[in-house]
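Below are the chains, spelled out letter by letter.
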Amino acid sequence: MVLHDLVKPVHMQVKHPGHHWLGPVATELIHVNLAMEEAVLGAGAGLEAVLKNPGLTGGKQVRPSLVILSAQCYQYCRERVVPMAAVVELVHTATLVHDDVIDQATTRRGSPTVARVWGRRKAILLGDYLFARAFELLASLDQPELVRGMARVVHRICQGEIQQLDDQGCFAISEAHYYQRISAKTAVFIAECCRAGAVLGGAGDAGAKALEDYGSNVGLAYQIVDDVLDFLPAGDDLGKPVGHDLRAGIATLPLILACQGPAGGEIAGLLPGYAHESVATRIRQLVLESGAVHEALDRAAELTGRALRALETVPPGPSRSALGELAELLCLRLQ
């Protein structure tokens, strides 16, 4: 059985909602992009080019959208919220620039990476500059709580990336360890975007906690689906080649679950050769045959359900509806 036949049922299982969630944020994202451009204005051609790199800007701008939507659920003030939304996108862009250096990637979403265009050393400095400008902009909001929150995000992202490097080539990790790693790498940032928006909207402790819980569950589910996509033949817009994680020696949930099943013995025997294309292809096929991909998608669906339940205490309206739709788009997607 070929890979295409194996993944066809997965494509049928995963929903692919529309983009109606963009309505409440479309105009605000224009202001966010202007704020980002202003933050690097006059800093040099390299930095201005970073913000125009299609590989970095071709996404859905999910993180600033979460800040805006969370604030809109309460009392929205553009002057306060747009700078915060720009901050999170600047931080996110900086992490992508650094990720590509670490991974020695030459393309992202079909476009040359910053490191490929400007060189590795300059790419690191460009990423550092974006971090610095993001925190300078954040400090101007005079909200120490938000500064602490974003500092915690960067701290946890670094912890997660270091853990992933330490885990490289080690496939005998537990599900709990995997969840801890993806929480640090992805979910903490998504959760803070929602919490920060709620704080700026005057949500109060209960509202901020509800949106933080929503974001945390969305972040976990998003990363699980991203890891599933690494096992499927998909389009170029994923930002990385199919099978990248496996060939890099990174154990993700589909592989962990497959190793717990009947095919675990055969997979374990193949894993020492994970870096070879033919071996990686066989491992991917065994993972797909095992049903682990469907099981992982079920876990993502459970987390999405938790996220949607967390929204139930948030005031109803277009922005809450958009958050619900966005959760489904992120967590039950095939790009």
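Everything discussed here concerns the structure shown above.
None of the values given here were measured: they were computed from a predicted structure. (Residues numbered from 1 in each chain as written. Predicted model: local features only at pLDDT ≥ 70, side-chain atom pairs only at ≥ 80, totals over all residues. Heavy atoms only, no water.)

Tallying each qualifying case throughout the model produces 12 salt bridges. For R133, the salt bridge is made with E136, and the minimal N-O distance between the two is 2.6 Å. Taken together, the residues R133 and E136, both in helix α8 (residues 120–139) and 3 residues apart, mark about one turn of the helix. With a closest N to O distance of 3.4 Å, D167 and R181 form a salt bridge. With D167 in helix α9 (residues 144–167) and R181 in helix α10 (residues 175–200), this pair connects stretches of sequence that are 14 residues apart. Residue D167 shares its accessibility class with R181, and that shared class is buried. Within this structure, E145, R152, E192 and R195 form a network of salt bridges that share partners. (Salt bridge = Lys/Arg side-chain N within 4 Å of Asp/Glu carboxyl O. Helix = DSSP H or I, 4+ residues; strand = E, 2+ residues; numbered from the N terminus. Buried < 20%, exposed > 50% of the residue type's maximum accessible area, 1.4 Å probe, protein only.)

This brings us to the packing of helix α6 (residues 78–103) against α9. Between α6 and α9, the least distance of the axes is 12 Å, while the angle of their chain directions is 15 degrees. Relative to α9, the element α6 lies roughly parallel. Remark: the crossing between α6 and α9 carries right-handed chirality. In this structure, α6 uses M84, V87, V88, V91, T95, D99 and I102 to contact α9, whose residues at the interface are L146, M150, V154, I157, E161 and L165. Along the lines of polarity and charge, the residues of the contact of α6 with α9 split into 10 nonpolar, 1 polar and 2 charged. (Axes fitted to C-alpha atoms, helices over the stretch in contact; angles between N-to-C directions. Parallel < 35°, antiparallel > 145°, perpendicular 65-115°, else oblique. Left-handed = near helix turned anticlockwise from the far one by under 90°. Contact = heavy atoms within 4.5 Å. Nonpolar A, V, L, I, M, F, W, Y, C, P; charged D, E, K, R; others polar.)

Quick look at the environment of V293 now. Within the element layout of this structure, V293 appears in helix α16 (residues 292–310). According to the relative accessible area criterion, V293 is buried, its value standing at 1%. Residues V293 and F231 lie 62 residues apart in sequence; the distance between their C-alpha atoms is 8.1 Å.

As a further point, take the side chain of R181. On the basis of relative accessible area, R181 is assigned to the buried category, the value being 3%. There is a polar contact of 2.7 Å between the side chain of R181 and the backbone oxygen of A251. In this view, R181 contacts G160, Q163, Q164, D167, I173, I250, A251 and T252; residues no more than four positions away in its chain are not counted. (Polar contact = N/O pair within 3.5 Å; in protein donor to acceptor, adjacent residues only side chain to side chain.)

Its 14 residues give helix α17 (residues 318–331) an end-to-end C-alpha distance of 20 Å, which sits within 8% of 20 Å, the value for a rise of 1.5 Å per residue. The buried fraction of α17 amounts to 10 of the 14 residues, a majority that puts the element mostly inside the structure. Among the residues making up α17, those that are buried are S319, A322, L323, G324, E325, L326, A327, L329, L330 and C331. The inward-facing, buried residues of α17 contact α5 (62–72), α11 (204–229) and α16. (Expected span 1.5 Å × (residues − 1).)

Moving on, we get to the nonpolar core. By size, the foremost hydrophobic cluster in this structure holds 106 residues, and its most contacted members are L66, M84, M150, Y214, L255, I267 and V287. Apart from the residues within four sequence positions on either side, V287 is in contact with F231, P254, L255, A258, I267, A292 and V293. (Core = buried A, V, L, I, M, F, W, Y, C linked by side-chain atoms within 4.5 Å.)

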